[in-house]
Amino acid sequence: MRSLGPLLALTCLGSGGVLLLGRHLLLQRPGLTPATPVAALERERRFSPDPVRRRDAALLLVANEDAARQRSPDQAWISRLLRNQAWGQDPLAAVVLKRSAQAASRQGDGVGSERLWSQLLRRFPKSPATADALYALGRKQPGLRQRLLTQFPAHPAALAAAVEAGPAGAGHLARWGARWPGAREVITKACGAPPSDPVRRDELAQALARLGDPAGARTCLGDTAGSPATQLELARTLIRQSDSREQAEAQLLELARRQPDSPEALEAVRLLADGTSPSSLERLSSLPPALQETAPVQARRALVLGQTSSTLAVLQRWPKDPASWDLQWQQARERLLREDWRGAAVLLGTSALDPDAMAAPLDARRRFWLALSQWELGERPQAKAGWADLLARYPGGYYGWRAAQRLGRGDLVLDPATAPPLRDGTWRPLMSGLDDLDGLWRLGQNLEAWEQWRHLRGEDAITSPQHLVLEGRLRRGVGDQWTGLGQLEQASLRAPSSDCALQMELALSQAEPAFVDVLNQAGQQERVPAALLAAVAKQESRFSPAVRSPVGAVGLLQLMPETAAELAGGPTTPDSLENPELNATLGGRYLRQLMDRWQGNPFLVAASYNAGPQAAAGWSNPRLKTLPEWWVEAIPYPETRLYVKKVLGNLWTYQNTDLPLCS
């Protein structure tokens, strides 16, 4: 009996040790993500001893709703997967209730759906998922719709409810979601109502100006001038219209003179300094003295003078201002086109600017042309060192490609027989710093993550490059390629080149194509590298099949219906060209024709796709072979100049996804 006590103690210690070891081993297992194979998720859901992993697996299995509908149209299997998982008060339980309610509704079980929505509202009143419950239950209880607008004003469910409310919801839409589908019509209708509160009118007018409707905004304002913010939005919209630039510049000058100390005045000055009308320079002289002593104004004057000394003076005074960066390039480019390599090298190699503060694409451009100037001056070791440094810092994009080609470290692959297939991007954590948001993303709940972020950021404008990257990834995660890629592009022009982690995230996010299977199939069928199709689609439509240009081009590769009909050998309709498969096939067929015409020269292929083969033929000269980068800079159409660099940079990036990033 005396040995029983020690024996029991040893037994307990041993059991405890086994339990601790088992828990340790469970914690050491890699987390489940959207990259986990379906078969592995099924095993985890059924047999894992860890309830958290069972729940994670269940959510991941229902993450892709489109695939789920193909597997089981009645959606009953979703409810079976999610129930009996002991969710408790885990915040994910709110998401599970929402998904279950939606599944019940799709099955026609209105009573069950309403019961689940009510349960969600009762158990998780503050969860963003509850916004959908308020929307659904609000059909019978109007008071819940008002609660939705108040508690979750930026949530997509609230924006949908505001649209349904008609003119009564116009103010809410103007403030929280003017770009939401149907919002513009509601706001316009509200502006046509009898005069109301001037503040509300101004808010509605500002929203219409942001939407590119200056006439509607003016109608909404009536006889009033509008707030400085509204005046600025109106001028921004007008300045993009060639026949309204004079009017826009006059408005910008008036705004800056009336409100010289306002933030809007500083932005007005920046826009005015970029003016292209004959009188824009004269208007700068009419600004208040304090505003004349700003970087945009002084940079514009230095640009007109064209002297190296005046340019360097501006760069030294404002080394971190984007106006200085633009001035440096404009002056250097003018010298490059004159083949004044020494003058260009002086401007591009100046220590006046802070390259760490400069955006990465601008710094890559500066480094490439500085090295090329040195090469043309006979300073070959310095040029090679400059290109090698550029390639180490910014391996992707147009200038990464040109540096690699100059150093003999790689080139574009345009032979369809040897070109690598287009590859899907690898799933990556969101790393937002918000645990709930990161958790939703990890479990494939992209729509829930986006809706939660939209609720969290509210009406705050997205300005920081970090938030632009975050929102860009979230938007792409829910299929909004147009806005998502646009925000990533904005981020690339705002993120300092010295932020290595952010530059890596940007590079990876921008290197992820869409419609990979469609483009690979079209490329194989039409004998065109799939990466070239993706490169063109990204620049033409940002991978948005329903996009239509003002001149009538449609779809992924922005085909004109007449051109598409000729390529198809029969009539096509704009609606049919929104089909990604058809659009990619016909776009690939056209690219094949261009590649045959230009013997695979990528510069002429890209230029022809944008400006037409006849225009590109008129630009062809010996410089295309001896100094192709110079040839691109000499293209007389600014749009085509940028287009060629973007498309060929995209192509290089898609074909070299394993390049080392940021050193």
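All residue numbers here refer to positions counted from 1 along the written sequence of the relevant chain. Two thresholds apply to this predicted model, a pLDDT of at least 70 for residue-level local features and 80 or more for giving and counting side-chain atom pairs, whereas whole-chain, interface and lining totals are computed over all residues. Only hydrogens and water are set aside when side-chain values are computed; all heavy atoms of the structure are taken into account.

**Quick look at the overall build of the protein chain**
Helix and strand counts for the protein chain stand at 40 helices and 0 strands. For the protein chain, the spread of C-alpha atoms along the three principal axes comes to 100 × 70 × 65 Å. A contact between two residues is defined here by any heavy atoms of the two lying within 4.5 Å. Across the protein chain, contacts joining residues at least 24 apart in sequence account for 55% of those joining residues at least 6 apart. If you sum the accessible surface of the protein chain, you get close to 31,100 Å²; carbon and sulfur atoms cover 54% of it. Two residue types count as positive, namely Lys and Arg, and two as negative, namely Asp and Glu; His and chain ends fall outside the count. Where a charge lies is defined by one atom per residue type: Lys uses NZ, Arg uses CZ, Asp uses CG and Glu uses CD. Across the protein chain, the centroid of the 77 positively charged side chains sits 4 Å from that of the 69 negatively charged ones. Helix and strand assignments follow DSSP, with helices taken as H or I runs no shorter than four residues and strands as E runs no shorter than two, numbered in order from the N terminus. The accessible surface values rely on the Shrake-Rupley method and a 1.4 Å probe; as for residues, cover is taken only from the protein chains in view.

**A word on unusual backbone geometry**
You will see that Arg542, though not glycine, has its phi angle at about 50 degrees, which is positive. One can find Arg542 in the loop between helix H33 (530–541) and helix H34 (561–568). We note that Gln558 has phi near 50 degrees; this positive angle belongs to a residue other than glycine. In this fold, Gln558 is placed in the loop between H33 and H34.

**What to know about the environment of Gln316**
Checked against the element boundaries, Gln316 lands in helix H21 (residues 308–317). Residue class for Gln316 comes out exposed when judged on its relative accessible area of 55%. Sequence separation between Gln316 and Ser351 is 35 residues; the distance between their C-alpha atoms is 8.5 Å. The buried label applies to any residue whose accessible area, calculated with a 1.4 Å probe on protein chains only, is under 20% of its type's maximum; exposed applies above 50%, and partly exposed to all values in between.

**Here's the deal with the side chain of Arg365**
With respect to the element layout, Arg365 can be found in helix H24 (residues 360–376). Non-local contacts of Arg365, meaning those with residues more than four positions away in its chain, are made with Trp329 and Tyr399.

**So, the packing of helix H7 (residues 110–123) against helix H8 (residues 130–137)**
Where H7 contacts H8, the two axes come as close as 9 Å, and the packing angle between them is 130 degrees. Considering the angle they form, H7 stands oblique to H8. Crossing hand, H7 versus H8: left-handed. Contacts between H7 and H8 involve Glu114, Trp117, Ser118, Leu120 and Leu121 from the first element and Thr130, Asp132, Ala133, Leu134, Ala136 and Leu137 from the second. Residues that form the contact of H7 with H8 fall into these classes: 7 nonpolar, 2 polar and 2 charged. An axis is simply a line fitted to the C-alpha atoms; with a helix, the fit covers only the stretch in contact. Between two such axes, the angle follows the N-to-C directions and lies from 0 to 180 degrees. Orientation labels follow simple angle bins: below 35 degrees gives roughly parallel, above 145 gives roughly antiparallel, 65 to 115 gives roughly perpendicular, and whatever is left gives oblique. Note on convention: the crossing is left-handed when the near helix lies turned anticlockwise from the far helix by less than a right angle, right-handed when the turn is clockwise. Under the scheme applied, nonpolar residues are Ala, Val, Leu, Ile, Met, Phe, Trp, Tyr, Cys and Pro; charged residues are Asp, Glu, Lys and Arg; polar residues are all the others, including Gly.

**Section: the packing of helix H14 (residues 214–221) against helix H15 (residues 228–239)**
Running from N to C, H14 and H15 cross one another at 150 degrees; their axes reach a closest spacing of 10 Å. Considering their axes alone, H14 and H15 lie roughly antiparallel with respect to each other. For the pair H14 and H15, the crossing hand works out as left-handed. Facing H14, whose interface residues are Pro214, Ala217, Arg218 and Leu221, H15 presents Thr230, Leu234, Thr237 and Leu238. Grouping the amino acids of the contact of H14 with H15 by side-chain chemistry returns 5 nonpolar, 2 polar and 1 charged.

**Observations regarding H33**
In this analysis, the expected span of each helix is defined as 1.5 Å times one less than the number of residues it contains. The terminal C-alpha atoms of H33, which comprises 12 residues, lie 16 Å apart, in line with the 16 Å expected from a rise of 1.5 Å per residue. With 11 of its 12 residues buried, H33 lies for the most part within the structure. Those residues of H33 hidden inside the fold are in contact with helix H30 (481–492), helix H31 (500–510), helix H32 (516–526), helix H35 (580–597), helix H36 (602–611) and helix H40 (638–655). With its phi angle positive at about 50 degrees, Arg542 sits one or two positions after the end of H33.

**Concerning the pattern of salt bridges**
Each salt bridge in this description consists of a side-chain nitrogen of Lys or Arg and a carboxyl oxygen of Asp or Glu lying within 4 Å of one another. For the coordinates displayed, the defined rule picks out 42 salt bridges. Across the pair Arg283 and Glu249 runs a salt bridge whose closest N-O atoms are separated by 3.3 Å. Linking Arg283 in helix H18 (residues 280–284) with Glu249 in helix H16 (residues 245–258), this pair joins segments that are 34 residues apart in sequence. Residue Glu334 is joined to Arg338 by a salt bridge in which the shortest nitrogen-to-oxygen separation is 2.2 Å. A residue is classified by how much of its surface remains accessible, and Glu334, at 32% relative accessible area, is partly exposed. Several salt bridges share partner residues, and in doing so they unite Asp363, Arg366, Arg367, Asp389 and Arg393 into one network.

**Description of the state of the cysteines**
Whenever a pair of cysteine sulfur atoms sits within 2.5 Å, that pair is classed as a disulfide. Following the criterion strictly, the structure yields 1 disulfide and no others. One disulfide bridge connects Cys191 with Cys220, the sulfur atoms lying 2.0 Å from each other. Handedness of the Cys191-Cys220 disulfide follows from its S-S torsion of about -75 degrees: it is left-handed. Residue Cys191 is found in helix H12 (residues 183–191), and its partner Cys220 is found in helix H14; the two are separated by 29 residues along the sequence. Judged by its relative accessible area of 2%, Cys220 is buried.

**Let's talk about the nonpolar core**
What is meant by a nonpolar core is a set of buried Ala, Val, Leu, Ile, Met, Phe, Trp, Tyr and Cys residues, joined one to another through side-chain atoms within 4.5 Å. Counting residues in each nonpolar core, the largest one holds 119 residues, and the members touching the most others are Phe543, Leu591, Phe603, Tyr609, Trp631 and Leu648. A total of 8 residues in this core trace back to one element, the largest contributor, which is H33. For Phe543, the contacting residues outside a window of four places in its chain are Arg476, Gln481, Leu485, Pro513, Ala514, Phe515, Leu519, Ala534, Ala537, Lys538, Leu556 and Tyr654. Grouped together as the second largest cluster of nonpolar side chains are 48 residues, Phe152, Ala157, Leu173 and Ile187 included.

**As for the packing of aromatic side chains**
For this analysis, a ring pair means two rings from Phe, Tyr or Trp (six-membered ring only for Trp) whose centres lie within 6.5 Å, classed as stacked if their planes differ by under 30 degrees, edge-to-face if by over 60, and tilted for the remaining angles. Counted under the stated rule, the structure contains 10 aromatic pairs. Ring plane angle 80 degrees and centroid distance 4.9 Å describe the contact between Tyr398 and Tyr399, whose orientation is recorded as edge-to-face. You'll find Tyr398 and Tyr399 in the same group, each marked buried. Look at Trp619 and Tyr637: their rings are 5.2 Å apart centre to centre, the planes differ by 90 degrees, and that puts the pair in the edge-to-face class. One end of the pair, Trp619, is in helix H37 (residues 613–619); the other, Tyr637, is in the loop between helix H39 (628–633) and H40, and 18 residues separate them in sequence. Here the aromatic residues Trp329, Phe368, Trp369, Trp375, Trp387, Tyr398, Tyr399, Trp401 and Phe603 are joined through ring pairs into a cluster of three or more. One cation-aromatic arrangement involves Arg145 over Tyr135; the distance from NZ or CZ to the ring centre is 4.2 Å. A cation over a ring is seen here: Arg623 above Trp630, with NZ or CZ 5.5 Å from the ring centre. Whether a charge sits over a ring depends on NZ of Lys or CZ of Arg being within 6 Å of the ring centre and within 35 degrees of the ring normal.

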